[in-house]
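Structural overview for review
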Amino acid sequence: MSAQRPTLSLVLPIYNEEDVIPELHLRLQEFLARLGLAAEVLFVNDGSRDRSMELLRGIAAQEPRYRVLSFARNFGHQTAITAGVDYARGQAVVVMDADLQDPPEIVLEMVAKWRQGFDVVYGRRRKRVGETWFKLATASLFYRVFAAMIPIEVPLDTGDFRLMGRRVVVALRALRETHRFVRGMVAWVGFKQTEVLYDRPGRFAGETKYPLRKMVRFALDGITSFSILPLRFATYLGMLMSIASVGVIAWALLAKFVFHHVVQGWTGLIIAVAMFASVQLLMIGILGEYVGRIYEEVKRRPLYIVGDTVNLPRERDDDALDDAPA
Ligand code: UDP
Ligand code: MG
């Protein structure tokens, strides 16, 4: 489009955020004025069912730095981020929540670190306001378990709020898996990563778009796309059970041939059957999680379908990062 490429792209996924968009617009205007760099703001409308798209069209009509990419339906938060990273034209790309939980002002600190030579600057939450203790506890537990399970180093207490330099963006664009855990993928890519600490405020308005059901699915995607430890767990547990079963068999034989009171074994039998049956079901379930994901990956469908755009060509500008001035 324009010859002038922005230095910084902000990517904001939007799903039913009509209550937030007017305030977001004000805060972004303030931010852009303070930033002092050529910037673009790329809103990814993830199939909102409220007036979000209408509002985005409205604010983008008078602001050429605002661009909107609108999906044909809801594809999910991680996919929306992915599309934003695909279409962003800046030298550095910042992904942030639209609900102002990731304050734009922190981006100034991220840009400063990027200028110092870091490729990734992620926001690490010092405090989180306005979230249920259940969400905080489960999130904290998940990240610690996740970090212990996977061989790459992932920062604790971070979400998707981060700045990525061009090398990282180019690398990330090449990862086209269907089940996406973007924060893990960025860690996987590597390069020089650092953090900025911030207090995470509560949502400005509206409700979380991550109910428990989605959080569980997201956690499973994270674990299964970075680790096969759960599968190996089946092997280890199988070994353990085999060893235990040798003991049980010995006890059963003794009971029959030495002590001659076989009927007494009923309780033990029921416990053993229940134990083995549930362990087997659990393991089949784990297998199923992986097999299902293999199935979805082999279909090789595009990750998202673009319905509409504003101030943005429908085709991705793939060399946007290559011929831009440094
Ligand atoms: N979001 C999205 N698609 C979805 C769910 C969420 O684009 O299917 C967006 C949402 O509009 C917000 C960001 O992703 O900008 C994070 O969602 P939310 O703030 O509800 O999550 P939380 O901060 O509560 O974990
Ligand atoms: Mg939020």
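Residues numbered from 1 in each chain as written. Chains lettered and ligands numbered in written order. Predicted model: local features only at pLDDT ≥ 70, side-chain atom pairs only at ≥ 80, totals over all residues. Heavy atoms only, no water.

Topic: the site of ligand 1
What counts here: Working definition: residue near molecule or strand if any one of its non-hydrogen atoms lies within 4 Å of it. In this description, accessible areas are obtained by the Shrake-Rupley approach with a 1.4 Å probe, and a residue is regarded as covered only by the protein chains that are shown.
Residues in close proximity to ligand 1 total 19 residues, the closest being Glu17, Asp46, Asp99, Thr208 and Lys209. A total of 540 Å² of accessible area belongs to ligand 1 in isolation, and the protein chains cover 95% of it.

Re unusual backbone geometry
Threshold: Numbered from the N terminus, helices here are DSSP runs of H or I no shorter than four residues, and strands are runs of E no shorter than two. Any residue under 20% of the maximum accessible area for its type is buried, any over 50% is exposed, and the rest in between are partly exposed; the area is computed with a 1.4 Å probe on protein chains only.
The backbone of aspartate 157 shows a phi angle near 55 degrees, a positive value even though the residue is not glycine. With respect to the helices, strands and loops of the structure, aspartate 157 is situated in the loop between α5 (133-149) and β6 (158-165). A relative accessible area of 21% places aspartate 157 in the partly exposed class. Although it is not a glycine, phenylalanine 191 adopts a positive phi angle of roughly 70 degrees. Structurally, the position occupied by phenylalanine 191 is in the loop between α7 (182-189) and β7 (193-200).

Details of the nonpolar core
The tendency in soluble globular proteins is for nonpolar side chains to be buried side by side. Quick note on the threshold: In plain words, nonpolar cores are sets of buried Ala, Val, Leu, Ile, Met, Phe, Trp, Tyr and Cys residues tied together by side-chain atoms within 4.5 Å. In this description, contact between two residues means that some pair of their heavy atoms is separated by no more than 4.5 Å.
Ranked by size, the top nonpolar core spans 42 residues in total, and within it Leu69, Phe71, Val85, Phe146, Met164, Leu172 and Tyr304 carry the most contacts. Beyond its immediate stretch of four places on either side in the chain, phenylalanine 146 contacts Val154, Phe181, Gly222, Ile223 and Phe226. The next biggest cluster of nonpolar side chains, apart from the first, holds 37 residues, and it includes Leu35, Leu56, Met96 and Val111.

Concerning the environment of glutamine 4
In this structure, glutamine 4 sits in the segment before β1 (8-14). With 34 residues separating them along the chain, glutamine 4 and alanine 38 place their C-alpha atoms 8.5 Å apart.

Comments concerning the pairing of strand β5 (residues 120-128)
Remember that side chains alternate between the two faces of the sheet whenever the strand is regular. Here is the rule: Pairing between strands is defined by DSSP: at least two bridges between the two strands are required.
Judged from the four bridges that link them, β5 and β6 form a sheet pairing that is antiparallel. The residue of β6 that forms the bridge with valine 120 is methionine 164. Note: β5 against β7, eight bridges, orientation parallel. Within the sheet, the bridge partner assigned to arginine 128 lies in β7 and is arginine 200.

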